[in-house]
Amino acid sequence: MAEAQKLLELVNVFKRYDSPDGTETPEVLKDITLHVGAGESLAVVGASGSGKSTLLNIIGALDHPSRGRVHLDGKDLARLDDKQLSQIRNEQIGFIFQLHHLLGQCTVLENVLVPTLLNQDADARKQLEQRGRRLLARVGLEKRLSYRPGQLSGGERQRVAVVRALINKPKLLLADEPTGSLDAAASENLTLLLVELNLEENVTLIVVTHALKVARCMNRVLELRDGKLVIFA
């Protein structure tokens, strides 16, 4: 992969959590090296407890490796302070979780615009609102802008979460079991939507999932096994 095309790089990443009694705990991640190109889609599969979410949290700057390096868009995350990491999470990374985490008291459009609230530029906020409306129409929710999450189906709530994750035009979209709470039809629809938006928005997509049907829709599938990333067969 050419250097100019590389968006994400993990080099010799290990992760071990501290034990309350100070004893040594097993390593959750062992010597993970991974390169992901701009615009690529990647699925990470593995058994429950294999460390998939831990890996995603490290990639998304929500957690730190015990050893090793993580570079995003040429930046060494270990060299950034909390304020800089927070800015990267807000502006360059979009997050989608199994549970949508929408604010029940806010409308669909208001939920989508939450990540834009830190933007102090009025013109920029107006453009982002227009983008939010376009994206909501793109995912079939143009008639739900004033609805609240409790008035939506599970699949609709996840589509709102997808738009919220994309609102700031991130370079990297991270999805942790995004279809885990959905029925088969809604899961298939959301998977197809993520694949389409990966191309339309030119956003790098990394999906952690236990659903092989979801995983096989991505460009590449890797498996976390015994703390190591291997090619899924």
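Residues numbered from 1 in each chain as written. Predicted model: local features only at pLDDT ≥ 70, side-chain atom pairs only at ≥ 80, totals over all residues. Heavy atoms only, no water.

Asks: I'd love a proper account of the sheet that holds strand 2 (residues 29-37), names of residues and values included.
Replies: Read across the sheet, four strands follow the order 2-1-4-5 without closing on themselves; strand pairing throughout is antiparallel. Single-partner strands in this sheet number two, and they are strand 2 and strand 5 (75-76). Pairing geometry for strand 4 (residues 67-72) and strand 5, over two bridges, is antiparallel. Bridge pairing in strand 5 places Leu72 opposite Lys75. Packed onto the sheet, helix 1 (residues 52-59) meets strand 1 (6-15), strand 2 and strand 4 and runs at close to 125° relative to strand 1. (Pairing = 2+ DSSP bridges. Helix = DSSP H or I, 4+ residues; strand = E, 2+ residues; numbered from the N terminus. Contact = heavy atoms within 4.5 Å. Axes fitted to C-alpha atoms, helices over the stretch in contact; angles between N-to-C directions.)

Asks: Could you give an account of a nonpolar patch on the surface, naming the residues involved and the relevant values?
Replies: A surface patch of nonpolar side chains, amounting to about 250 Å² of accessible area, comprises Leu103, Val114 and Leu117. With respect to the element layout, Leu103 can be found in the loop between strand 6 (93-96) and helix 3 (108-113). Judged by its relative accessible area of 35%, Leu103 is partly exposed. (Patch = residues over 30% accessible without salt bridge, like charges linked within 9 Å, V, L, I, M, F, W, Y side chains within 5 Å. Areas by Shrake-Rupley, 256 points an atom, 1.4 Å probe, with all protein chains shown as cover. Salt bridge = Lys/Arg side-chain N within 4 Å of Asp/Glu carboxyl O. Buried < 20%, exposed > 50% of the residue type's maximum accessible area, 1.4 Å probe, protein only.)

Asks: Residues and numbers for the packing of aromatic side chains, please.
Replies: A full pass over the atoms with the stated rule returns one aromatic pair. Between Phe95 and Phe97, the ring centres sit 6.1 Å apart and the planes meet at 0°, which makes this aromatic pair stacked. Since its relative accessible area comes to 18%, Phe95 is described here as buried. Of note, Arg67 hangs over the ring of Phe14, and the distance from its end group to the ring centre comes to 3.9 Å. (Phe/Tyr/Trp six-rings, centres within 6.5 Å; stacked < 30°, edge-to-face > 60°. Lys NZ or Arg CZ within 6 Å of the ring centre and 35° of its normal.)

Asks: Explain the pattern of salt bridges residue by residue, including any values.
Replies: This structure, assessed with the given rule, holds 13 salt bridges. Notably, a salt bridge pairs Arg220 with Glu40, separated by 2.6 Å at the nearest N-O pair. Here Arg220 is found in strand 9 (residues 220-225), whereas its partner Glu40 is found in the loop between strand 2 and strand 3 (41-45), with 180 residues between them in sequence. Of the residues examined, Glu40 reaches a relative accessible area of 14% and is grouped as buried. Ionic pairing is found between Arg144 and Glu156, a salt bridge with its closest N-O pair at 3.4 Å. Placement of the pair is Arg144 in the loop between helix 4 (122-138) and helix 5 (154-166) and Glu156 in helix 5, with a sequence separation of 12 residues. Via salt bridges that share partners, Arg16, Glu27 and Arg67 belong to a single interconnected network.

Asks: Can you lay out helix 1 for me, pointing to particular residues and giving the numbers?
Replies: Since the α-helix packs 3.6 residues into each turn, any two residues three or four apart lie on the same face. In terms of burial, helix 1 is a largely internal element, six of the eight residues being buried. Phi turns positive, to about 60°, at Ala61, one or two residues after helix 1.

Asks: Got a sec to walk through the sheet that holds strand 7 (residues 172-176)? Specific residues and values, please.
Replies: Read across the sheet, six strands follow the order 6-7-8-3-9-10 without closing on themselves; strand pairing throughout is mixed. Two strands bound the open sheet, and with one partner strand each, they are strand 6 and strand 10 (228-231). The sheet shows a mean angle of 20° between the axes of neighbouring strands, direction not considered. Where strand 6 meets strand 7, four bridges bridge the pair, whose relative direction is parallel. Of the residues in strand 7, the one forming a bridge with Ile96 is Ala175. In the packing of helix 1 onto the sheet, the strands contacted are strand 3, strand 6, strand 7, strand 8 (204-208), strand 9 and strand 10, and the crossing angle to strand 7 comes to about 155°. Lying over the sheet, helix 5 contacts strand 6 and strand 7, oriented at roughly 165° with respect to strand 6.

Asks: Before we move on, could you go through unusual backbone geometry and cite the residues and values that matter?
Replies: Phi is positive for Asp31, which is not a glycine, with a value near 55°. Structurally, Asp31 is set in strand 2. In this structure Asp31 comes out as partly exposed when scored by relative accessible area, which is 39%. Even without being glycine, Asp226 reaches a positive phi, approximately 55°. On the secondary structure map, Asp226 appears in the loop between strand 9 and strand 10. Judged by relative accessible area, which is 62%, Asp226 ranks as exposed.

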